[in-house]
Amino acid sequence: MGDTTKKVQNYSKGLLQSKELYQYVLETSVYPREPEALKEIREVTASHPMSGMATAPDAGQLMALLLNLVNAKKTIEVGVFTGYSLLLTALSIPDDGKIVAIDLNRDSYEIGLPIIRKAGVEHKINFIESEALPVLDKLLEDHENEGSFDFAFVDADKVNYLNYHERLMKLVRVGGIVVYDNTLWGASVAMPDDLVPEIMRPGKKWTIELNKSLAADPRIQISHAPLGDGITICRRIQ
């Protein structure tokens, strides 16, 4: 399946003024620089009934840049799905880098795993099939893990984002980065409730709470970027 055939689907992950403008960004700046393995996992994911959960490729491109800017070697990923952002991270960190990847559903991870293996980066990944909070708490039981991670990406259950944040503020080093996905929640954060589909309203509430909390958190420097479904980039400064 070629990129052109997925124009409408790709637009669902962006908040630009038009499908044409979003497609211009993808075709001009994102797809030409996208590694072949990432393209392959993106196209495999496109046929999944929950394909909208995947990381937007333009947001992924920014994540790769951030990983390189902080010289990330040790990272955490909360929420893996088919592994687009996980593979992106594995390709960006050194050969001896390590990723703690946490997801409740190994079946989705298995979809992308053959591509991850073919890319030669599976050895960097410690996939843990579990709820995330117990894993993060277990990491914190070992004090050597405090401040030892360079980067974290969270794309999971929105109700727990603030719980993840508190733990990640201990696990990620000062100067490290945490990225939260879906922080505009389909643009619903700026809509009256009566215009928001019922199924999206709890997520809207949790996302607004998260955004207010991150904006007021003195431990981080933030940028709320309208890429994909909104990503918030947090650099720990204390």
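Relevant structure appears above.
Residues numbered from 1 in each chain as written. Predicted model: local features only at pLDDT ≥ 70, side-chain atom pairs only at ≥ 80, totals over all residues. Heavy atoms only, no water.

Q: Help me understand the nonpolar core, please; the structure alone is not making it clear to me.
A: Across soluble globular proteins, nonpolar side chains show a tendency to be buried alongside one another. In this structure, Leu86, Leu87, Tyr109, Ile116, Ile125, Phe151 and Val179 are the most contacted members of the largest nonpolar core, which totals 38 residues. With residues near it in sequence (within four places) discarded, Phe151 still touches Met63, Leu66, Leu67, Ala72, Lys74, Thr75, Ile76, Ile177 and Val179. Formed by 25 residues, the second largest nonpolar core is a distinct cluster that contains Leu136, Leu140, Val172 and Val178. (Core = buried A, V, L, I, M, F, W, Y, C linked by side-chain atoms within 4.5 Å. Buried < 20%, exposed > 50% of the residue type's maximum accessible area, 1.4 Å probe, protein only. Contact = heavy atoms within 4.5 Å.)

Q: Before we go on, may I ask you to explain the pairing of strand 3 (residues 125–129) in this structure?
A: Regular strands place their side chains on alternate faces of the sheet. Note: strand 2 (residues 98–103) against strand 3, five bridges, orientation parallel. Bridge pairing in strand 3 places Ile102 opposite Ile128. Where the polypeptide runs from strand 2 across helix 6 (residues 106–118) and back to strand 3, its parallel neighbour, the crossover connection is right-handed. (Pairing = 2+ DSSP bridges. Helix = DSSP H or I, 4+ residues; strand = E, 2+ residues; numbered from the N terminus. Right-handed = clockwise from strand over helix to strand, strands pointing away.)

Q: How should I be thinking about the sheet that holds strand 4 (residues 149–154) in this particular structure?
A: By way of backbone hydrogen bonds, the strands of a sheet pair with one another, either parallel or antiparallel. As summarised here, the arrangement of the seven strands in space is 3-2-1-4-5-7-6, forming an open sheet in which the pairing is mixed. Two strands close off the open sheet at either side, each with one partner strand: strand 3 and strand 6 (220–225). With direction set aside, neighbouring strand axes in the sheet form an average angle of 15°. Across six bridges, the pairing between strand 6 and strand 7 (residues 231–236) is antiparallel. Looking at the pairing, Ala225 lines up with Ile231 of strand 7. (Axes fitted to C-alpha atoms, helices over the stretch in contact; angles between N-to-C directions.)

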